[in-house]
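# What the coordinates show
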Amino acid sequence: MKKTIYGRILTLGAATLMLAACSHDDGQIKIQLPEDYSEKTLIVSHIQMDNIFSAQKQEDLKIAYDTLQVKDGMATMKVDPTGAAWYSIQPPTMTLRQPEFYASPGESLDIVISDFDPLAMTVTGTPLMEDMTRFLNITQPIQQEFVDLMAKSDSISPDVMKANMDKYDAAIRKFVEDNPKSPVVPFAIVNLSGDDFKKLYDNMSAEAKKSILMPYAELNNREVEKMLKERNAEEERKAEVASGTITAPDFTLPDLEGKKVSLSSFRGKWVVLDFWGSWCGWCVKGFPALKEAYKKYGDKITIIGIDCNESEADWRAGVKEHALPWLQLYNGKDRSLYEAYNIEGFPTKAIINPEGKLVDLTTGEDPSFFDRLASFVK
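My aim in this report is to walk through the structure given alongside it, one point at a time. Keep in mind that this is a model prediction, so the values were computed, not measured.

## Things to note about the environment of isoleucine 352
- As for its position among the elements, isoleucine 352 is in strand 15 (residues 348-352).
- Separated by 30 residues in sequence, isoleucine 352 and histidine 322 have C-alpha atoms that sit 25 Å apart.
- Discounting residues that sit within four places of it in the chain, isoleucine 352 has contacts with Ala248, Leu263, Lys269, Trp270, Val271, Leu273, Tyr341, Lys357 and Leu358.

Now the structure itself:
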């Protein structure tokens, strides 16, 4: 489950968790603005933590706005005395990342913003916010590198993108390694994905687990565990298929002449099933390679195209347009066959041996399919 760097940049607000309400109401936030900030007012919004995590729709967030007066580059505001809240400072222009922080009743913070774009901000007053400032100052430049690369080129090569992601992940792991007891650890690791997150989550220090951000890490852990369980099940399924012990589910479908054709009638031959649709761009892109295999193996294999998710008229038009020479069957929108073959995307290709066993199942247009086909059909 590897995400793009944009997908994995989490705002502080998204990682902030519900805090216990406090009776104190003397907390104050002081905001020092950049020297070139010329506005006379500053807008700061905030949302109660319990609203963030319980909201079912936008209006449930109950976003509150404060318009602060700016004097000598400084603005001040009271902390919401009714409960912990996430705060966001509105910059004068659109930026990649807005200044964000959180505070509970009774807490006081000193915020210094030296630049809005790219954001340069420090927050002092609570251990969590001070560690958060250090963490973001480490990771934000890496995120900015990605943005700069995108600005210089219409596309980034996979290797360059991976190098940037690896650098970002390494910075997170280094922060956790250097600060294992930090209350920021639960926030930091949710920026990782899959196995990387799970490893650090399972080995988190007792001190880090006491962080008020820990519930968010727990929520993320439940999602990751679900993903890993599904992935492991998929790997087990693939291993079972590769073992050649599963009998390929039989079916009977009409061909172009309306004749009913059953898979079982091809027992004793190597069979390739190609689940496709004329609406599927990758299915169409894969036809030339499949035509080459059709010519290469001749009567050593039987290729059966199974059209899915479209009308009979579109199926017939697609067969004619792409001049598909192998047997074509029409399944339409019947999902029972998808479920029988665990089809998760298109195209899907299945290899069935002469004994009728399913020995390979490939989702997507994957050139390695033909290498596996060659290893089977000798």
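## A closer look at the state of the cysteines
- For the coordinates displayed, the defined rule picks out one disulfide.
- A sulfur-sulfur distance of 2.4 Å marks the disulfide that ties cysteine 280 to cysteine 283. With the S-S dihedral at roughly 85°, the linkage between cysteine 280 and cysteine 283 falls on the right-handed side. Summarising the burial analysis for this pair, cysteine 280 and cysteine 283 share the class buried.
- There is no disulfide at cysteine 308, and the cysteine sulfur nearest it, in cysteine 283, is 8.6 Å away.

## Some points on the packing of aromatic side chains
- Using the criterion set out here, one finds 15 aromatic pairs in the structure.
- On the basis of an interplanar angle of 65° and a centroid distance of 5.2 Å, the ring pair of phenylalanine 135 and phenylalanine 175 is categorised as edge-to-face. Linking phenylalanine 135 in helix 4 (residues 127-152) with phenylalanine 175 in helix 5 (residues 158-178), this pair joins segments that are 40 residues apart in sequence. As far as burial versus exposure is concerned, phenylalanine 135 and phenylalanine 175 are alike and both buried.
- Centre to centre, the rings of phenylalanine 251 and tyrosine 341 are 6.4 Å apart; their planes meet at 65°, and the pair counts as edge-to-face. A residue pair is termed long-range when its members are at least 10 positions apart, and phenylalanine 251 in the loop between strand 9 (246-247) and strand 10 (252-254) and tyrosine 341 in the loop between helix 13 (336-340) and strand 15 qualify at 90 residues.

## Section: the side chain of aspartate 80
- Structurally, aspartate 80 is set in the loop between strand 4 (74-78) and strand 5 (85-89).
- Buried and without a salt bridge, aspartate 80 has lysine 62 as its closest oppositely charged side chain, separated by 11 Å.
- Side chain to side chain, aspartate 80 and histidine 46 meet in a polar contact 2.9 Å long.
- Side chain to side chain, aspartate 80 and threonine 82 meet in a polar contact 2.6 Å long.
- With near-sequence residues (within four places) excluded, aspartate 80 lies in contact with His46, Gln48, Tyr87 and Pro105.

## Quick word on unusual backbone geometry
- Of note, the bond from aspartate 117 into proline 118 is cis; its omega dihedral lies within 30 degrees of zero at 0°.
- For the bond from phenylalanine 346 to proline 347, the omega torsion is -5°, close enough to zero to count as cis.
- Here proline 347 shows up in the loop between helix 13 and strand 15.
- Its identity is not glycine, yet aspartate 72 carries a phi of approximately 55°, on the positive side.
- Looking at the element boundaries, aspartate 72 is found in the loop between strand 3 (64-69) and strand 4.
- Judged by relative accessible area, which is 71%, aspartate 72 ranks as exposed.
- Positive phi is not limited to glycine here, since asparagine 342 has a value of about 50°.
- Within the secondary structure layout, asparagine 342 lies in the loop between helix 13 and strand 15.

## Overview of the sheet that holds strand 4
- Ordered by their spatial adjacency, four strands build an open sheet running 4-1-7-8, and the pairing between neighbours is mixed. Bordering the open sheet on either side are strand 4 and strand 8 (119-124), each of which pairs with just one other strand. Neighbour-to-neighbour, the strand axes of the sheet open up by a mean angle of 15°, direction not taken into account.
- Packing of helix 4 onto the sheet brings it into contact with strand 7 (109-116) and strand 8, and relative to strand 8 it is tilted by some 160°.

What counts, and at which threshold
- Residues numbered from 1 in each chain as written.
- Predicted model: local features only at pLDDT ≥ 70, side-chain atom pairs only at ≥ 80, totals over all residues.
- Heavy atoms only, no water.
- Helix = DSSP H or I, 4+ residues; strand = E, 2+ residues; numbered from the N terminus.
- Contact = heavy atoms within 4.5 Å.
- Disulfide = S-S within 2.5 Å.
- Buried < 20%, exposed > 50% of the residue type's maximum accessible area, 1.4 Å probe, protein only.
- Phe/Tyr/Trp six-rings, centres within 6.5 Å; stacked < 30°, edge-to-face > 60°.
- Lys, Arg positive; Asp, Glu negative; His and termini not counted.
- Salt bridge = Lys/Arg side-chain N within 4 Å of Asp/Glu carboxyl O.
- Polar contact = N/O pair within 3.5 Å; in protein donor to acceptor, adjacent residues only side chain to side chain.
- Pairing = 2+ DSSP bridges.
- Axes fitted to C-alpha atoms, helices over the stretch in contact; angles between N-to-C directions.

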